[in-house]
Amino acid sequence: MDYQPISGVWSYVAMSLKVTLIFTVVMVVVAYTTLAERRVSAWIQDRHGPNRVGPFGLLQPIADGIKNILKEETLPATASRVFFILAPILVLFPSLVTFAVIPIAAPLPTPAGVVDMIIADIPIGILYVLAFSSLAVYGVVLGGWASNNKYAFLGGLRASAQMVSYEVALGLSLLAVLMLAGNVTLTEIVWQQQQLGMWFAFPLSLAFILFVISAFAETNRLPFDMPEAESELVTGYHTEYSAMKFSAFMISEFGHMVTASALMATLFLGGWDLPGSWDNAHWYQGQLISGFAADGSVILASPALWKTLATFGGFAAKTGFFLVLYIWIRWTLPRFRYDQVMSLGWKVMLPTALAYAMLMAGTILTLDEIGLAYGFGYGLVLTAVSGMATVGFVFMLDRGRTITGAAAQRTQRIQTKTIQVGEAGHPQPEEAA
Amino acid sequence: MEAFLFYFFFVMAIGAAVGVVLSKSPVGSLLFMVTTLFAISAEFVLLEAHFLAAVQVIVYAGAIMVLFLFVIMLLNLGHDYRQDLRVGVFSLAWVVVVSAMAGVVGWRTRGGEGLAASGAGAQEIQAALEQYGAVGAIAQPLYTTYVVPFEITGILLLVAIVGALVLAKRNA
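Residues numbered from 1 in each chain as written. Chains lettered and ligands numbered in written order. Predicted model: local features only at pLDDT ≥ 70, side-chain atom pairs only at ≥ 80, totals over all residues. Heavy atoms only, no water.

Asks: What exactly am I supposed to notice about the overall build of chain B here?
Replies: A tally of helices and strands in chain B yields six helices and zero strands. Overall, chain B shows an N-to-C arrangement of helices and strands of α-α-α-α-α-α. Across the 172 residues that make up chain B, the buried fraction comes to 20%. Contacts in chain B between residues far apart in sequence, at least 24 positions, make up 53% of those at least 6 positions apart. For chain B, the exposed area adds up to about 12200 Å²; of that, 72% sits on carbon and sulfur atoms. (Helix = DSSP H or I, 4+ residues; strand = E, 2+ residues; numbered from the N terminus. Buried < 20%, exposed > 50% of the residue type's maximum accessible area, 1.4 Å probe, protein only. Contact = heavy atoms within 4.5 Å. Areas by Shrake-Rupley, 256 points an atom, 1.4 Å probe, with all protein chains shown as cover.)

Asks: Looking at this model, I keep getting lost on the overall build of chain A. Mind explaining?
Replies: Counting its secondary structure elements, chain A contains 13 helices and five strands. Principal axes of the C-alpha set define a box for chain A whose edges measure 85 × 60 × 40 Å. By the burial criterion, 50% of the 433 residues in chain A qualify as buried. Sequence-distant contacts in chain A: of pairs separated by 6 or more residues, those separated by 24 or more amount to 76%. Summed over all atoms, the accessible surface of chain A reaches about 20600 Å², with 69% contributed by carbon and sulfur. Here chain A holds 23 positive side-chain charges and 27 negative ones, and the gap between their average locations is 10 Å. (Lys, Arg positive; Asp, Glu negative; His and termini not counted. Charge placed at Lys NZ, Arg CZ, Asp CG, Glu CD.)

Asks: How do you make sense of the pairing of strand β4 (residues 287-292) of chain A when you look at a structure like this?
Replies: Residue and element names in this part refer to chain A. Relative to β4, strand β3 (residues 282-284) runs antiparallel, the two sharing three bridges. Note that in β4 the partner of histidine 282 across the bridge is isoleucine 289. Here β4 runs beside strand β5 (residues 298-300); their pairing, made up of three bridges, is antiparallel. Note that in β5 the partner of isoleucine 289 across the bridge is leucine 300. The turn linking β4 back onto β5 is made up of five residues, and glycine 296 within it adopts a positive phi angle of 90°. (Pairing = 2+ DSSP bridges.)

Asks: Where do I start with the interface of chain A and chain B in this structure?
Replies: Put simply, an interface is often sized by how much accessible area is lost when its parts join up. Between chain A and chain B, the residue contacts involve 22 residues of the former and 23 residues of the latter. Buried area between chain A and chain B, summed over both chains or domains, comes out near 2000 Å², and the portion from carbon and sulfur atoms is 86%. Among the residues of chain A in contact with chain B, Ile124, Tyr138 and Trp145 of chain A are the three that bury the most area, contributing 27% of the side total. Here chain A is connected to chain B by zero salt bridges. Our enumeration of links across chain A and chain B arrives at two residue pairs in polar contact (both at pLDDT 80 or more). Of all the secondary structure elements, the ones that give two or more residues to the side of chain A that touches chain B are α3 (81-97), α4 (126-146) and α5 (150-181) of chain A. Here the side of chain A that touches chain B gets eleven residues from one element, more than from any other, and that element is α4 of chain A. Of the residues that constitute the side of chain A that touches chain B, the class distribution is 19 nonpolar, two polar and one charged. (Buried area = accessible area lost by both parts, 1.4 Å probe. Salt bridge = Lys/Arg side-chain N within 4 Å of Asp/Glu carboxyl O. Polar contact = N/O pair within 3.5 Å; in protein donor to acceptor, adjacent residues only side chain to side chain. Nonpolar A, V, L, I, M, F, W, Y, C, P; charged D, E, K, R; others polar.)

Asks: Hey, could you run me through the side chain of aspartate 273 of chain A in this one?
Replies: All names here are of chain A. Turning to its location among the elements, aspartate 273 is positioned in the loop between α9 (243-268) and β3. Buried and without a salt bridge, aspartate 273 has lysine 318 as its closest oppositely charged side chain, separated by 5.8 Å. In contact with aspartate 273, not counting residues within four places along its chain, are Gln194, Trp199, Asp279, Asn280 and Lys318.

Asks: Sorry if this is basic, but what is going on with the sheet that holds β4 of chain A here?
Replies: Paired through their backbone hydrogen bonds, the strands of a sheet run either parallel or antiparallel. Residues and elements named next belong to chain A. Spatial strand order, β3-β4-β5: three strands in an open sheet with antiparallel pairing. Of all strands in the sheet, those with a lone pairing partner are β3 and β5, marking the two edges. On average, each strand axis in the sheet is inclined to that of its neighbour by 70°, with strand direction left out of account. Lying over the sheet, helix α6 (residues 186-196) contacts β3 and β4, oriented at roughly 35° with respect to β4. (Axes fitted to C-alpha atoms, helices over the stretch in contact; angles between N-to-C directions.)

Asks: Quick question: what am I supposed to make of the packing of aromatic side chains here?
Replies: Remark: the centre distance and the inter-plane angle together describe each pair of aromatic rings, the angle taken between the planes. Here the structure, examined in full by the defined rule, presents 18 aromatic pairs over all chains. Their ring planes at 75° and their centres at 5.3 Å tell us that phenylalanine 8 of chain B and phenylalanine 9 of chain B sit as a pair that is edge-to-face. On the accessibility criterion, phenylalanine 8 of chain B (44% relative accessible area) is partly exposed. Centre to centre, the rings of tyrosine 143 of chain B and phenylalanine 150 of chain B are 5.1 Å apart; their planes meet at 75°, and the pair counts as edge-to-face. Residue phenylalanine 150 of chain B is classed as partly exposed on the basis of its relative accessible area, which comes to 31%. These aromatic residues form a ring-pair network of at least three members: Phe208, Phe211, Phe268, Phe321 and Phe322 of chain A. The cationic tip of lysine 318 of chain A hangs over the ring face of tryptophan 199 of chain A; the distance from NZ or CZ to the ring centre is 4.0 Å. (Phe/Tyr/Trp six-rings, centres within 6.5 Å; stacked < 30°, edge-to-face > 60°. Lys NZ or Arg CZ within 6 Å of the ring centre and 35° of its normal.)

Asks: Sorry if this is basic, but what is going on with a nonpolar patch on the surface here?
Replies: Residue and element names in this part refer to chain B. Judged by side-chain polarity, Tyr7, Phe10, Val11, Ile14, Val18, Val21, Leu22, Phe90, Trp94, Val97, Val98 and Met101 come together as a nonpolar surface patch covering roughly 1100 Å² of accessible area. Contributing elements (two or more residues each) for the nonpolar patch: α1 (2-22) and α4 (87-109). Looking at which element gives the most residues to the nonpolar patch, the answer is α1, with seven residues. (Patch = residues over 30% accessible without salt bridge, like charges linked within 9 Å, V, L, I, M, F, W, Y side chains within 5 Å.)

Asks: Help me out: how do you make sense of unusual backbone geometry in this one?
Replies: Peptide bonds are trans in most cases, and residues, glycine excluded, mostly fall at negative phi. Residue and element names in this part refer to chain A. You will see that asparagine 148, though not glycine, has its phi angle at about 55°, which is positive. For asparagine 148, the position within the fold is in the loop between α4 and α5. Phi is positive for alanine 243, close to 50°, though the residue is something other than glycine. In this structure, alanine 243 sits in helix α9. The exposure class of alanine 243 is buried, given its relative accessible area of 5%.

Asks: Quick question: what am I supposed to make of helix α10 (residues 305-330) of chain A here?
Replies: Residues lying three or four places apart along an α-helix face the same way, a consequence of the helix completing one turn every 3.6 residues. Residues and elements named next belong to chain A. Helix length check: α10 (26 residues) gives 38 Å between terminal C-alpha atoms against 38 Å at 1.5 Å per residue, within 8%. Along α10, the positions that sit buried rather than exposed are Lys307, Thr308, Thr311, Gly314, Phe315, Lys318, Thr319, Phe322, Leu323, Leu325, Tyr326 and Ile327. Structurally, α10 contributes buried residues whose contacts are with α1 (9-44), β1 (108-110), α7 (205-218) and α9. (Expected span 1.5 Å × (residues − 1).)

Asks: Any chance you could explain α5 of chain A here in plain terms?
Replies: Residues and elements named next belong to chain A. With 32 residues, α5 ought to run about 46 Å at 1.5 Å a step, and its terminal C-alpha atoms sit 46 Å apart, in line with that. With respect to burial, α5 is a largely interior element, 23 of its 32 residues being buried. Residue glycine 182 follows α5 closely and has a positive phi angle near 70°.

The structure is reproduced here in structure tokens:
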């Protein structure tokens, strides 16, 4: 059967449905991530968490929403009114529009034609995401400045410095992905991962690690939540905000988390791709294909509703994994000091990302010069090179403290114990540490 | 629809540019400038120059303007420049700028030069876009034909950074 992309009136219908559906789903996911954060934190800390509103506390986000709408709004007397109101709008907008370029499932066949499961497959793909996420800083900085409050202002300043710093490392770690995929659109990046036979997390393992760290810093989540460090700055840039305006800041933070999780899943875990080649589908010269045969001819894809649903499930699972990771890390690691954040960004992440981009460029160029075909073997070579780089990076980052340090402490502790056993008659604490 | 959007962002860019000059607070000026850059980037998208649009937002609106905002807020620049403005000089400059702009716009619309890209050049761009994609179409000439000017520009920027460092260290 010959599949054609959807056209005519039905394409407008499909487009409006997709926009409405994806926007709604993102907002619902955002709402339930706030609940998940509280439930998971409670679970990690051996508490119950919110469990009173609805079964298992599932209606809690709705109750919170109603509460935030009904609460009184305050406007500080010394705040600059226009910017104070503008800031939550500016911060909300970028976190919601970036989802438009992320493909969420395999193409869906309908009687009127095949519908791509992405709102806008624009030619600049990932650059669009970078552009809008770089605009997100304005809302945060303006909110901090317009409040006319020292703590809020410090939070805003920190946010601007931090987001600009980590954007550099983020962009550089992306370079490796773009070089391997050879394109910047996210549909193409998913397709190249299907062609390679493995997800980019393996052949580009160090880029994956750097990207995850930078994404945490970009979304201002712990251990990088310097702009709203409670113990130093009350709550940072949104100290003076109340009711729905405060809620707008919260929604944007969680919206950024959802987008960043979806982006990490797409770039490094294959997006909606599931293992095996049965679900592969890509537009190639007007045909929907699932791959190339050995002689270079195309193999036509056969999209189906169940394939779309299954791949959407895969995409949701991967995104959900990163969302849980976000929460997990928040309740596991303590906050960095501000100078530590800066020195990690400029002295560790930036040089590593630069060196890794050079290494990957050299490896990819060498493989292409040798003439190795783009496929599983190609990926294995890159995996080996990246694996060595990753081990080296972890070893360097450790600086003899965590991994080797813990081992040294253990041997020391064992020795201390042996000595204590030897000196009978002198009751001492069991461990010198 | 596209023509409507084009003129919408056109008016937005010009209006925000006027706002940069007229705004009373430095932060307001800066936000108007970001709006101008954003509107110009939207114009680029409508002209199908997607890569330029993205770079415009990433580099100017996302990085350089944030740095400006940082400096303005850190130094807390106020209104102390207003007394330096003399009404006579200011209105003279205003008249000169407005008449020059009106002249340029009038000359362009009278048919001095064609606005739309057409002919061999447009076809060449279309072919490059299909072969290399939106990013590759820029990268291909930039890193082959124009690689020397590109590298020299890079060195120029490096020299400027080193110069700024030298000046800053000397004062300290």
